[in-house]
Amino acid sequence: MNVIKNYQSELIISGIVLISLLLIRFIIHFTITKVARNNGINEARIRLIRRYITVTLFLIAVLIESFVFGTEFKEMAVVFSSIFAVIGIGLFAVWSILSNITSGIIMFFNFPYKVGDKIAIHDKDFPITAIIEDIRAFQLHLRIENGDLVTYPNNLMLQKAVTLVEKDAIDDIVEDDGADTV
């Protein structure tokens, strides 16, 4: 009981912060879902971006709570500089992964092609004409004409010229498959 009495103001502030962040999370998730559905973005991509938002808000909550419970700026600076040093070294080794994740987030908000569209990627070394089957955090799944599945990194998708060959081409394939059955 003494613990609650000693930290009463901190607990009240923590409650207010957590409720505020949950409300902000709800509003952001609602907005992302509404915008994504209006733009025809599939459910898996919506969940992925909402997960990124949740993790970011969680990290903000941990930072705020540490200050609420009396952590000084100098202590936080030491912790964060150590964490960022380790992360920086680790991320330098995996910069490609971060580039693909960042590209995936950019593609979520500003990508003119959707799952089911047939596109042509104008790559000098490996040109591809394929149908977009899925857009993931790291790569696109592209189905080429011979039926093979190609995974194409998100960061390259933003770097190469891409042409829309046919909108909603995946519907034509489903119809063709259904028409061939006896």
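Counting starts from 1 at the beginning of each chain's written sequence and moves along it residue by residue. With the structure being a predicted model, the display of local features is reserved for residues of pLDDT at least 70 and the display and counting of side-chain atom pairs for 80 or more, all residues being used for whole-chain, interface and lining totals. With hydrogens and water set aside, each side-chain value is computed from the structure's full complement of heavy atoms.

### Thoughts on the packing of helix α2 (residues 8–38) against helix α3 (residues 43–68)
Part 1: Interaxial angles span 0 to 180 degrees and are taken between N-to-C directions of axes, which are lines fitted to C-alpha atoms, for helices over the stretch in contact. Helix numbering and strand numbering both begin at the N terminus, where a helix is a DSSP run of H or I of at least 4 residues and a strand a DSSP run of E of at least 2. At a closest axis distance of 10 Å, the pairing of α2 and α3 adopts a crossing angle of 160°. The orientation of α2 with respect to α3, classified from their angle, is roughly antiparallel. Crossing handedness for the pair α2 and α3: right-handed.
Part 2: Nonpolar residues are Ala, Val, Leu, Ile, Met, Phe, Trp, Tyr, Cys and Pro. Charged residues are Asp, Glu, Lys and Arg, and all others, Gly as well, are polar. Looking at the contact of α2 with α3 residue by residue, the class counts come to 16 nonpolar, 4 polar and 6 charged. Working definition: roughly parallel below 35 degrees, roughly antiparallel above 145 degrees, roughly perpendicular at 65 to 115 degrees, and oblique for all remaining angles. By definition, any crossing whose near helix is turned counterclockwise from its far helix by less than a right angle is left-handed, and any crossing with a clockwise turn is right-handed.

### What about α2?
Part 1: Between the first and last residue of a helix there are one fewer steps than residues, each counted as 1.5 Å, and that sum is the expected span. Helix length check: α2, at 31 residues, gives a terminal C-alpha distance of 45 Å against a target of 45 Å (1.5 Å per residue), a fit within 8%.
Part 2: Residues of α2 that are buried include every one of E10, S14, V17, L21, H29, I32, T33 and A36, and no others.
Part 3: Whether two residues touch is decided by their heavy atoms; if any such pair falls within 4.5 Å, the residues are in contact. On its buried face, α2 is in contact with α1 (2–6), α3 and α5 (95–109).
Part 4: Directly after α2, the chain includes G40, whose backbone phi takes a positive value near 75°. We call a residue buried when its accessible area falls under 20% of the maximum for its residue type, exposed when it is over 50%, and partly exposed in between, using a 1.4 Å probe and counting protein chains only.

### A look at the side chain of S14
Part 1: Within the fold, S14 resides in helix α2.
Part 2: In this structure S14 touches E65, V68 and F69, once residues within four positions along its chain are discounted.

### Points about the environment of K114
Part 1: With respect to the helices, strands and loops of the structure, K114 is situated in the loop between α5 and β1 (118–122).
Part 2: For K114, a relative accessible area of 27% translates into the label partly exposed.
Part 3: Considered as a pair, K114 and R136 are 22 residues apart in the sequence and their alpha carbons are 12 Å apart.
Part 4: Among residues more than four places away in sequence, those in contact with K114 are N39, G40 and I132.
Part 5: Whenever two N or O atoms come within 3.5 Å, that pair is a polar contact, provided that in protein one can donate a hydrogen and the other can accept it, and provided that, for residues adjacent in sequence, both atoms are side-chain atoms. Polar contacts involving the side chain of K114 include one to the main-chain carbonyl oxygen of N39, which spans 2.9 Å.

### Some remarks on the pairing of strand β4 (residues 149–153)
Part 1: Covered by surrounding structure in β4 are V150 and Y152 only, the residues L149, T151 and P153 on the alternate face being uncovered.
Part 2: Any two strands with at least two DSSP bridges between them are considered paired. The loop that links strand β3 (residues 139–144) with its antiparallel partner β4 comprises 4 residues; one of these, G147, has a positive phi angle of about 95°.

### A few points about a nonpolar patch on the surface
Part 1: Taken together, the side chains of V3, I4, Y7, L11 and F69 define a hydrophobic patch exposed on the protein surface, amounting to about 480 Å² of accessible area.
Part 2: Assignment of secondary structure puts L11 in helix α2. Each patch is built from salt-bridge-free residues with over 30% relative accessible area, joining like charges within 9 Å and nonpolar side chains (Val, Leu, Ile, Met, Phe, Trp, Tyr) within 5 Å. Using the Shrake-Rupley algorithm and a 1.4 Å probe, accessible areas are obtained, with residue cover drawn only from the displayed protein chains. Salt bridge, as used here, is a side-chain nitrogen of Lys or Arg placed within 4 Å of a carboxyl oxygen of Asp or Glu.

### Observations regarding the nonpolar core
A general tendency of soluble globular proteins is for nonpolar side chains to be buried together.
Part 1: F111, I119, I121, I132, L140, L142 and M157 are the most contacted members of the largest nonpolar core, which has 15 residues in total.
Part 2: Elements that contribute at least two residues to this core include exactly β1, β2 (128–135), β3 and β4.
Part 3: When residues of this core are assigned to their parent elements, the largest contribution, 4 residues, is made by β2.
Part 4: The residues touching M157, leaving out its near neighbours within four places in the chain, are M107, F111, I119, I121, L140, Y152 and V162.
Part 5: Here, nonpolar core refers to any group of buried Ala, Val, Leu, Ile, Met, Phe, Trp, Tyr and Cys residues whose side-chain atoms link them within 4.5 Å. Core analysis: the second largest hydrophobic core is formed by 6 residues, A36, I41, I46 and I49 among them.

### Section: the environment of I131
Part 1: Its location among the elements puts I131 in strand β2.
Part 2: Judged by relative accessible area, I131 falls into the buried class, the value being 7%.
Part 3: Residues I131 and N39 lie 92 residues apart in sequence; the distance between their C-alpha atoms is 18 Å.

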